Amino acid sequence: MYRALTRDIEVTVEPYFLEEQSDPDDSRYVWGYRVVIANHSDVTVKLVARYWHITDQNGIVDEVSGPGVVGEQPVLEPGDTYEYSSGCPLDTPSGMMFGHYQMETPSGEAFNVAIPAFSLDTPGQARTLN
């Protein structure tokens, strides 16, 4: 489990390898990840956008941004949590992801909440550190 805290908004991520959707012979490796966003602040926030920085083991970077997450722009009152699952395909057996969510308060203040960096590792693969 990976965790980041920004302005009392906690983001935890749990990645997992999707063997049934992966095909190593075709250089296709797929991971799912479960995200939980917990609003520990005393302010209501709306998740309006996301940004992902995805790097495969060869250093190839893919950047993904857009409105909301999984087609939603959840509003989190103080004490609320929001959970969703998504996925990421890569051409290599490992990689990493990190990013941020753009949040907005009812007064219109916008700020970014960090998504912690997390690794995508195929089970049974040896890790190489550069």
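Data block above holds the structure.
Described in the following lines is the structure provided in the data block. (Residues numbered from 1 in each chain as written. Predicted model: local features only at pLDDT ≥ 70, side-chain atom pairs only at ≥ 80, totals over all residues. Heavy atoms only, no water.)

## Here's the deal with a negative patch on the surface
Judged by side-chain charge, Asp23, Asp25, Asp26 and Asp91 come together as a negatively charged surface patch. On the secondary structure map, Asp25 appears in the loop between strand E2 (9–17) and strand E3 (29–39). Under the relative-accessibility criterion, Asp25 is labelled exposed at 79%. (Patch = residues over 30% accessible without salt bridge, like charges linked within 9 Å, V, L, I, M, F, W, Y side chains within 5 Å. Areas by Shrake-Rupley, 256 points an atom, 1.4 Å probe, with all protein chains shown as cover. Salt bridge = Lys/Arg side-chain N within 4 Å of Asp/Glu carboxyl O. Lys, Arg positive; Asp, Glu negative; His and termini not counted. Charge placed at Lys NZ, Arg CZ, Asp CG, Glu CD. Helix = DSSP H or I, 4+ residues; strand = E, 2+ residues; numbered from the N terminus. Buried < 20%, exposed > 50% of the residue type's maximum accessible area, 1.4 Å probe, protein only.)

## A closer look at the pattern of salt bridges
For the coordinates displayed, the defined rule picks out four salt bridges. Two residues, Arg3 and Glu10, come together in a salt bridge whose shortest N-O distance is 2.5 Å. Judged by its relative accessible area of 53%, Arg3 is exposed. With relative accessibility at 16%, the residue Glu10 sits in the buried group.

## Structural notes on the environment of Leu18
With respect to the helices and strands, Leu18 occurs in the loop between E2 and E3. The buried category is assigned to Leu18, whose relative accessible area is 14%. Taking the C-alpha atoms as reference, Leu18 lies 16 Å from Tyr84; in sequence the two are 66 residues apart. Excluding its chain neighbours within four sequence positions, the residues that come into contact with Leu18 are Val30, Trp31 and Gly32. (Contact = heavy atoms within 4.5 Å.)

## Some remarks on the pairing of E3
Regular strands have side chains that alternate between both faces of the sheet. Within E3, ten of the eleven residues are buried, which leaves the element mostly enclosed by the surrounding structure. Both E2 and E3 contribute to a ladder of nine bridges, which runs antiparallel. Along E3, the bridge assignment pairs Tyr16 with Gly32. Here ten bridges tie E3 to strand E7 (residues 81–90), and the two strands are oriented antiparallel to one another. Each residue of the ladder has a partner; that of Arg34, found in E7, is Ser85. (Pairing = 2+ DSSP bridges.)

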